[in-house]
Amino acid sequence: MTSSDDSSKTKTSDKKSDNSLAKRFIGLEKSIWIEFGALAIAHKAINVGQGFIDYAPPPYFIDLYKETLDDPNILLHQYTRGFGHRRLVDAISNVYSPYFNRKIDPLNEILVTDGAYPSIFNCIHGFMNPGDEAILIEPFYDCYEPMVRSAGGIPRCITLKQKPESTKADISSSSDWTLDKNELESMFNSRTRLIIVNTPNNPTGKVFTREELEHIANLCQKHDVICISDEVYEWIVYDKNKKHIRMATLPNMWERTLTIGSAGKTFSATGLKLGWTIGSQHLMHPCQVVHQNCVYTCPTISQEVIARCFEYELKRLNSPECYFNSISTEFLEKRDKLVQALKECGMKPVVPDGGYFIIADYSQFAGDKFQSDADDMKDFKFVRYLIKEKQLATIPVTGFYTADHRHLAENYIRFCFAKKDETLDKAIEILRKLKTN
Amino acid sequence: MTSSDDSSKTKTSDKKSDNSLAKRFIGLEKSIWIEFGALAIAHKAINVGQGFIDYAPPPYFIDLYKETLDDPNILLHQYTRGFGHRRLVDAISNVYSPYFNRKIDPLNEILVTDGAYPSIFNCIHGFINSGDEAILIEPFYDCYEPMVRSAGGIPRCITLKQKPESTKADISSSSDWTLDKNELESMFNSRTRLIIVNTPNNPTGKVFTREELEHIANLCQKHDVICIADEVYEWIVYDKNKKHIRMATLPNMWERTLTIGSAGKTFSATGLKLGWTIGSQHLMHPCQVVHQNCVYTCPTISQEVVARCFEYELKRLNSPECYFNSISTEFLEKRDKLVQALKECGMKPVVPDGGYFIIADYSQFAGDKFQSDADDMKDFKFVRYLIKEKQLATIPVTGFYTADHRHLAENYIRFCFAKKDETLDKAIEILRKLKTN
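Criteria and thresholds
- Residues numbered from 1 in each chain as written.
- Chains lettered and ligands numbered in written order.
- Predicted model: local features only at pLDDT ≥ 70, side-chain atom pairs only at ≥ 80, totals over all residues.
- Heavy atoms only, no water.
- UniProt positions renumbered as here; feature names shortened; annotations may be inferred.
- Helix = DSSP H or I, 4+ residues; strand = E, 2+ residues; numbered from the N terminus.
- Rg over C-alpha atoms; globule rule 2.2 N^0.38 Å.
- Buried < 20%, exposed > 50% of the residue type's maximum accessible area, 1.4 Å probe, protein only.
- Contact = heavy atoms within 4.5 Å.
- 1 Å grid on protein atoms, 1.4 Å probe; cavity = no way out; pocket = protein on both sides within 12 Å on 5 of 7 lines; lining within 4 Å.
- Points joined across faces, edges and corners; volume = space filled by probe spheres on them.
- Nonpolar A, V, L, I, M, F, W, Y, C, P; charged D, E, K, R; others polar.
- Domains from an automatic or database assignment.
- Buried area = accessible area lost by both parts, 1.4 Å probe.
- Salt bridge = Lys/Arg side-chain N within 4 Å of Asp/Glu carboxyl O.
- Pairing = 2+ DSSP bridges.
- Axes fitted to C-alpha atoms, helices over the stretch in contact; angles between N-to-C directions.
- Parallel < 35°, antiparallel > 145°, perpendicular 65-115°, else oblique.
- Left-handed = near helix turned anticlockwise from the far one by under 90°.

As annotated in an unreviewed UniProt entry, chain B is Aminotransferase class I/classII large domain-containing protein from Rotaria sordida. The heading Subunit (unreviewed entry) in the UniProt record of chain B holds the text "Homodimer." Here is the UniProt Pathway (unreviewed entry) comment for chain B, exactly as written: "Amino-acid degradation; L-kynurenine degradation; kynurenate from L-kynurenine: step 1/2."

Labelled according to an unreviewed UniProt entry, chain A appears under the name Aminotransferase class I/classII large domain-containing protein, originating from Rotaria sordida. What UniProt states about chain A under its Subunit (unreviewed entry) heading is, verbatim, "Homodimer." Among the UniProt annotations of chain A, the heading Sequence similarities (unreviewed entry) holds the following wording: "Belongs to the class-I pyridoxal-phosphate-dependent aminotransferase family."

Novice: In this structure, what is going on with the overall build of chain A? I would like to understand it.
Specialist: Tallying secondary structure elements over chain A gives 17 helices and 16 strands in all. Scaling as 2.2 N^0.38, a compact globule of 437 residues should have a C-alpha radius of gyration of about 22 Å, and chain A matches this with 23 Å. With respect to the three principal axes, the spread of C-alpha positions in chain A is 70 × 70 × 50 Å. For chain A, the proportion of its 437 residues judged to be buried stands at 65%. Of the contacts formed within chain A by residues at least 6 apart in sequence, a portion of 73% connects residues at least 24 apart.

Novice: When you look at unusual backbone geometry in this model, what are you seeing that I'm missing?
Specialist: Excluding glycine, a negative phi dihedral is what most residues carry, and trans is how most peptide bonds are arranged. For the bond from Thr 199 of chain B to Pro 200 of chain B, the omega torsion is -10°, close enough to zero to count as cis. Assignment of secondary structure puts Pro 200 of chain B in the loop between strand S8 (192-198) and helix H10 (210-223). Here the residue pair Asn 202 of chain B and Pro 203 of chain B is connected by a cis peptide bond, since its omega of 15° sits within 30 degrees of zero. Structurally, Pro 203 of chain B is set in the loop between S8 and H10. In this structure, Lys 44 of chain A takes a positive phi of about 50° despite not being glycine. Among the secondary structure elements, Lys 44 of chain A is positioned in the loop between helix H3 (32-42) and strand S1 (46-47). Given a relative accessible area of 71%, Lys 44 of chain A falls into the exposed group.

Novice: What am I meant to see in empty space enclosed by the protein here?
Specialist: Empty space left among the atoms is revealed by rolling a probe the size of a water molecule over them. This structure, assessed with the given rule, holds eight cavities of 30 Å³ or more. Considering only enclosed or pocket space, the largest cavity measures out at about 370 Å³ in volume. For the largest cavity, the lining is made up of 24 residues, of which Tyr 79 of chain A together with Tyr 117, Tyr 141, Tyr 233 and Lys 265 of chain B are closest to its centre. Within the residue set of the lining of the largest cavity, elements represented by two or more residues are helix H6 (116-127) and helix H11 (263-266) of chain B. It is H6 of chain B that provides the largest number of residues to the lining of the largest cavity, a total of three residues. When its residues are assigned to classes, the lining of the largest cavity shows 11 nonpolar, nine polar and four charged. Taken as a whole, the second largest cavity holds about 160 Å³ of empty space. Ranked by residues supplied to the lining of the second largest cavity, first place goes to helix H13 (residues 300-314) of chain B with three residues. Along the lines of polarity and charge, the residues of the lining of the second largest cavity split into 13 nonpolar, seven polar and no charged.

Novice: What's the story with the layout of surface pockets in this structure? I'm lost.
Specialist: A volume near 1200 Å³ is recorded for the second largest pocket. The wall of the second largest pocket is formed by 39 residues, among which Tyr 79 and Arg 81 of chain A together with Gly 37, Ile 41 and Gln 50 of chain B lie closest to the centre. Only helix H3 (32-42), strand S1 (46-47) and helix H17 (421-436) of chain B provide two or more residues apiece to the lining of the second largest pocket. With eight residues, H3 of chain B is the single largest residue contributor to the lining of the second largest pocket.

Novice: Can you walk me through the UniProt feature "domain: Aminotransferase class I/classII large" (unreviewed entry) in chain A in this structure?
Specialist: If you check UniProt for "domain: Aminotransferase class I/classII large" (unreviewed entry), the listed places come out as residues 46-430 of chain A in our numbering. In residues 46-430 of chain A, the share of helix is 39% and the share of strand is 17%. The end C-alpha atoms are 9 Å apart.

Novice: Quick question: what am I supposed to make of the domain arrangement of chain B here?
Specialist: Buried accessible area, meaning the area lost when the parts come together, often serves as the stated size of an interface. Residues and elements named next belong to chain B. The domain boundaries assigned to chain B delineate domain 1 (27-57 + 322-433) and domain 2 (59-315). Here the C-alpha centroids of domain 1 and domain 2 sit 24 Å apart. With 39 residues of domain 1 at the contact, the number on the domain 2 side is 48 residues. Roughly 3900 Å² of surface becomes buried between domain 1 and domain 2 when both sides are summed, with 61% attributable to carbon and sulfur atoms. Taken together, domain 1 and domain 2 are joined by one salt bridge.

Novice: Is there a simple way to explain the sheet that holds strand S15 (residues 395-396) of chain B in this structure?
Specialist: Consider a sheet: its strands pair through backbone hydrogen bonds, and that pairing is either parallel or antiparallel. Residues and elements named next belong to chain B. Pairing within the open sheet is mixed, and its five strands lie in the order S6-S12-S13-S16-S15. Each edge of the open sheet is held by one strand with a lone partner, namely strand S6 (172-173) and S15. Seen against the sheet, helix H16 (residues 378-390) touches S15 and strand S16 (412-416) and runs at an angle of roughly 45° to S16.

Novice: Mind showing me how you'd approach the UniProt feature "domain: Aminotransferase class I/classII large" (unreviewed entry) in chain B here?
Specialist: Those places that UniProt annotates as "domain: Aminotransferase class I/classII large" (unreviewed entry) correspond, in this numbering, to residues 46-430 of chain B. Helix makes up 39% of residues 46-430 of chain B and strand 17%, and the two end C-alpha atoms of the span are 9 Å apart.

Novice: Before we go on, may I ask you to explain the domain arrangement of chain A in this structure?
Specialist: All names here are of chain A. Domain annotation for chain A reports domain 1 (27-57 + 323-436) and domain 2 (59-314). Spacing between the C-alpha centres of domain 1 and domain 2 amounts to 24 Å. Facing 38 residues of domain 1, the contacting portion of domain 2 comprises 48 residues. With both chains or domains summed, domain 1 and domain 2 bury close to 3800 Å², and 61% of this area falls on carbon and sulfur atoms. When the area that domain 1 buries against domain 2 is broken down by residue, the three leading residues are Pro 57, Phe 324 and Asp 353, summing to 22%. Taken together, the connections running from domain 1 to domain 2 amount to one salt bridge. For the salt bridge of Asp 353 with Lys 242, the shortest nitrogen-to-oxygen distance reads 3.1 Å. Sorting the residues of the side of domain 1 that touches domain 2 by element identifies H3, helix H14 (323-344), strand S12 (348-351), strand S13 (357-361) and strand S16 (412-416) as the ones contributing at least two each.

Novice: What is the right way to read the environment of Ile 327 of chain B from this model?
Specialist: Following the sequence through the fold, Ile 327 of chain B ends up in helix H14 (residues 323-344). Along the backbone, Ile 327 of chain B and Val 237 of chain B are 90 residues apart, and their C-alpha atoms lie at a distance of 9.0 Å.

Novice: Explain the sheet that holds strand S9 (residues 226-230) of chain A to me, please; I cannot follow it from the model alone.
Specialist: All names here are of chain A. Taken together, the seven strands give an open sheet; going across it, the order is S2-S11-S10-S9-S8-S3-S4, and neighbouring strands pair in mixed fashion. Two strands lie at the open edges of the sheet, namely strand S2 (110-113) and strand S4 (154-159), each paired on one side alone. Neighbouring strand axes in the sheet, compared pairwise and without regard to direction, differ in orientation by 20° on average. On the sheet, helix H6 (residues 116-127) packs against S2, strand S8 (192-198), S9, strand S10 (257-262) and strand S11 (275-278) and is oriented at approximately 160° with respect to S10. Helix H10 (residues 210-223) rests against strand S3 (133-138), S8 and S9 of the sheet, and its axis sits at about 165° to S8.

Novice: It is not clear to me how the packing of helix H4 (residues 59-70) of chain B against H13 of chain B should be interpreted in this structure. Could you clarify?
Specialist: The relative placement of two packed helices is expressed as an angle between their axes plus a distance between the axes. All names here are of chain B. Following both chains from N to C, one finds H4 and H13 inclined at 130°, their axes separated by 9 Å at the closest point. Classified by the angle between their axes, H4 and H13 sit oblique to one another. In the crossing of H4 with H13, the sense of the turn from one axis to the other is right-handed. For the pair H4 and H13, contact is made by Tyr 60, Phe 61, Leu 64, Tyr 65, Glu 67, Thr 68 and Leu 69 and by Ile 301, Glu 304, Val 305, Arg 308, Cys 309, Tyr 312 and Glu 313, respectively. Broken down by class, the residue content of the contact of H4 with H13 amounts to nine nonpolar, one polar and four charged.

Novice: Sorry, what's going on with the packing of H14 of chain A against helix H17 (residues 421-436) of chain A here?
Specialist: Residue and element names in this part refer to chain A. The N-to-C vectors of H14 and H17 enclose an angle of 10°; their axes lie 9 Å apart at closest approach. Judged by the angle between their axes, H14 and H17 are roughly parallel. Facing H14, whose interface residues are Lys 334, Lys 337, Leu 338, Ala 341, Leu 342 and Glu 344, H17 presents Asp 421, Leu 424, Asp 425, Ile 428, Leu 431, Arg 432 and Lys 435. For the contact of H14 with H17, a count of residues per class yields six nonpolar, no polar and seven charged.

Okay, structure coming up:
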């Protein structure tokens, strides 16, 4: 190619100047959080939609943050260890080892990330090759499907189904939502690489039982499948008889489970964007390689702060004052208040056993006013209506389903009750007015 | 598949239990930073290797951090806007718009990320399809090549070459390292998707001239190629006659340039791990999609802090006290001190026009003692020797080259002079002893 060929070599400006997105990401451009987050702000809606706490994190969190900034060790403002700040991985190991019934090696069995979100990204992208299948349980946190697709993987989705008697009841329980065992077994085959299990579950609040997890575990072992266990809501469970069970603690599962945790959820400070993956060394290696080739290392100050917070709690892990215990007590009251209000206004709430979301069937209000069509789902329309006309922000539950299955959830919207009383009271007031209208 | 088929369906445990890394990442597992960072710590070496400042960031940085934590707005501890905290993108727009000779749209032309590293990842993965080529200029920051490969792209590498008279001189300049224009032209073809230009350059310290950038820009336009301009060291330039020039400000280049910036480099606080990409909206969109499907949103507190720091500096941008100006004055003295010491001990330093690294030819010491072989390069061996035997930590420059070209740099090691006087003095003392031995 010589310069005299300039004119003939100039590309038709459309060819690449459309600056088209890399193929792996085509179709993964929408995000319910962007649309509804912006809408909620624009309409100054009472936000019981997105999952964040609208009051202060525990006081010691801010105290320890300030203490860290007063530390004369100015190297805390510079790069730290790529796979996780030493003080933090040691603290994570100290806190979590008893819960995993083993000594977790801080240097080889923990990876610190910029949040549970990239933890999940590392796990999926570290293992999936094009054509591999990943089993996802709907409703799922919406990032799972795009992450599998962008890795060239094929999502195989199975829906949690409500027991028939439960759909008729005014109030039902998240434990009524179960997987059909035969259907789940049929989804495993030689191409299955991963299954993602989220317990406690977002958005249903389901806390998987030991029996349910054992069934999944057996299938993983039978088919040599890795389990990504998204346990970010691990500390938020409401029923002593439905405790959070860690997949990695089931027999033979430590060797094939990657457990995801979140500082933001643990300390009610979602702005931290710090998370971790815990797993045996041979499983951690692919996650580390993705991390190393994507973000390399995480911020130092926030890791130091979280380390200090874990050290603080380690001293009182078994006491009711420990935040990992008190958080559930704090949220239980809010859960029950909102459940009651939803029932009274004529919605049918599904009482969560864990996490801080409630999904509720709103179809009584919709009537014929809102219908799903090719472009737009009924719950999306209803949520937009609630934000714009009633200044109440929720999240449409079909956003947690794959396209083929979303019609199953069009009558549900999701509420977050990790909010201060003032917010919940205002939301409840709007719901009461909804009923009378 | 029925349960009675269990035994026949159980995989041979080796088949997947090797838990093999996804193919896209195979071969991308090594990292010079991990090896040499750990070695430096283990041997308590004087660290003039890795690029971080070993003294405090500017005082106002820590003050504004503390001020942010005292802010009664407790929502600063919760999620913020996915593509960048409002206050920060506004501040970035206000500071950078004059430097780009245009009003940068804060909501559509800026993406905040967890550091320049993931900014580069988003850019590469947002545009590269399997088989696309990316032109990389060696020596390059070592993450570029693996990021291109993990996207399925093919790196096409061209080396900066030193002028012959320069290799003989005791001291040479980074401006002596240039690209052969014909060679560069020959690398562009219809499969070329991107070129990455890092100016000021790590590790040479080269500040690309307007003429050099125009040559690259013309090739980008001719072949419809996107330019990723890694300008993280933008504020650190030493010669008024060799100012930092922004690729995006060249004629017709705004439409095809993505500019990368770093809070860690800008405020000498590498532990922040916060960066940004600036570019026209149609170019930003693929970057946003990758970001949204990988990490989603960045930490809130650090974004608020950096916003306040930018606001603070905005008031005094043109004064010598502004950190973006004073930083170069501060580092210039250190540069010259280390250059002099390297020359005196018999190494041949390349004086950088920008950034805070110096590469130096150490071959006078090596003699026959260190040789490259199939497994290990001469400079890697020499750096290990310096760390273990002399407690001086540097970085081997062949780590910044692709495998085929690394032999070209086996006589060079990289020093970082963004260190307090005490560190530099100790390093210089070790160098003096090296000479006498």
